[in-house]
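# Structural characterization, general
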Amino acid sequence: MTVEIQNAGTSLKIITDGSARYIVKQKIAEISVINDNILKIDIGEGSLYNIFITYSDVTAPQTANAAALRDAVHAMLQTNLTGFASEANQLSEISQLQAVQNITEDILLNLTQNIDLRFSFPTREDQTFPNVVYKGYAAAGALPSSAVWAILKVTNNMLTLSYCWADGNKNFDNVWNNRATLNYI
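Residues numbered from 1 in each chain as written. Predicted model: local features only at pLDDT ≥ 70, side-chain atom pairs only at ≥ 80, totals over all residues. Heavy atoms only, no water.

## Side note on the sheet that holds strand 6 (residues 51-54)
- With respect to topology, three strands assemble into an open sheet ordered 4-5-6, the strand pairing being antiparallel. Where the open sheet ends on each side, the last strands, each with one partner, are strand 4 (30-34) and strand 6. Taken pair by pair, the neighbouring strands of this sheet meet at an average axis angle of 20°, ignoring direction.
- Relative to strand 6, strand 5 (residues 38-42) runs antiparallel, the two sharing four bridges. Bridge pairing in strand 6 links K40 to F52.
- Where helix 1 (residues 66-77) meets the sheet, its contacts fall on strand 4 and strand 5, and the angle it forms with strand 4 comes to roughly 170°. (Pairing = 2+ DSSP bridges. Helix = DSSP H or I, 4+ residues; strand = E, 2+ residues; numbered from the N terminus. Axes fitted to C-alpha atoms, helices over the stretch in contact; angles between N-to-C directions. Contact = heavy atoms within 4.5 Å.)

## Focus: the side chain of S32
- Structurally, S32 can be placed in strand 4.
- With a relative accessible area of 16%, S32 lands in the buried category.
- The residues contacting S32, other than those within four sequence positions of it, are I38, L39, K40 and R70. (Buried < 20%, exposed > 50% of the residue type's maximum accessible area, 1.4 Å probe, protein only.)

## Comments concerning the sheet that holds strand 3 (residues 19-24)
- Pairing in this open sheet of four strands is mixed, and the strands run 3-2-1-7 from one edge to the other. On the outer flanks of this sheet lie strand 3 and strand 7 (58-60), each paired with one strand and no other. In this sheet, adjacent strand axes meet at a mean angle of 30° when their direction is disregarded.
- In terms of strand pairing, strand 1 (residues 3-8) meets strand 7 through two bridges, oriented parallel. Looking at strand 7, one finds that E4 is bridged to A60.
- Across the sheet, helix 1 touches strand 1, strand 2 (11-16) and strand 7, and the angle it forms with strand 1 is around 25°.

## Concerning unusual backbone geometry
- Residue P61 is reached from A60 by a cis peptide bond, and omega for that bond is 0°.
- Relative to the assigned elements, P61 resides in the loop between strand 7 and helix 1.
- Even without being glycine, N35 reaches a positive phi, approximately 55°.
- Take N35: it is sitting in the loop between strand 4 and strand 5.
- Even without being glycine, D36 reaches a positive phi, approximately 65°.
- By secondary structure assignment, the location of D36 is in the loop between strand 4 and strand 5.

## Topic: the nonpolar core
- In terms of nonpolar packing, the biggest core is built from 17 residues, with I5, I28, L39, I41 and I53 touching the most fellow members.
- Among the secondary structure elements, those contributing two or more residues to this core are strand 1, strand 2, strand 5, strand 6 and helix 1.
- Sequence-distant contacts of I28, defined by excluding residues within four places in its chain, comprise L12, I23, I41, D42, I43 and L77.
- Formed by nine residues, the second largest nonpolar core is a distinct cluster that contains V132, Y134, A166 and W176. (Core = buried A, V, L, I, M, F, W, Y, C linked by side-chain atoms within 4.5 Å.)

## Brief notes about the environment of K27
- Mapped onto the elements of the fold, K27 is located in the loop between strand 3 and strand 4.
- Each C-alpha atom, one on K27 and one on Q6, is 16 Å from the other, the two residues being 21 residues apart in sequence.
- The residues touching K27, leaving out its near neighbours within four places in the chain, are D42, I43, G44 and E45.

## Considering the environment of E30
- For E30, the position within the fold is in strand 4.
- Placed 44 residues apart in sequence, E30 and H74 show a C-alpha to C-alpha distance of 9.0 Å.
- Setting aside its immediate chain neighbours within four residues, E30 contacts K40, I41 and D42.

Given below as structure tokens:
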């Protein structure tokens, strides 16, 4: 039988003949040596649940004797406190979350500034001309005779669609009633 004992962060990883099991370090109550050659790991759940490892079966870590193995395993229990809950770690996490929130708010602001929702859906659409569709964008209730429209002309030329705006821009300064005679660029 071969046994390896490894430090696995918050656990000890004990590999016996290729089969691994993890023991949570916080559950380990005591590590001791019995009869000069058996390492006893007491996990605090009664004697039937203790882990017994014969020193001569241990291939890693390699130590001079069972007492040295006990000390090496005990050293593995000394956990670096980074990553555990502490006031400093909580403040660091809060700071990182605040940075993520700020970045998210910046992205949302950029998206809303760059997307003009007035162009989501046309207020009016005219499909009465062959191969041409006019789409008018204006505030709800805008009169078709008022110069408050941005007008898009979509032309279908043998399945090639062209999109041109009245006056070559999306300004709300055209009259919907004049859509067929406007200059589209």
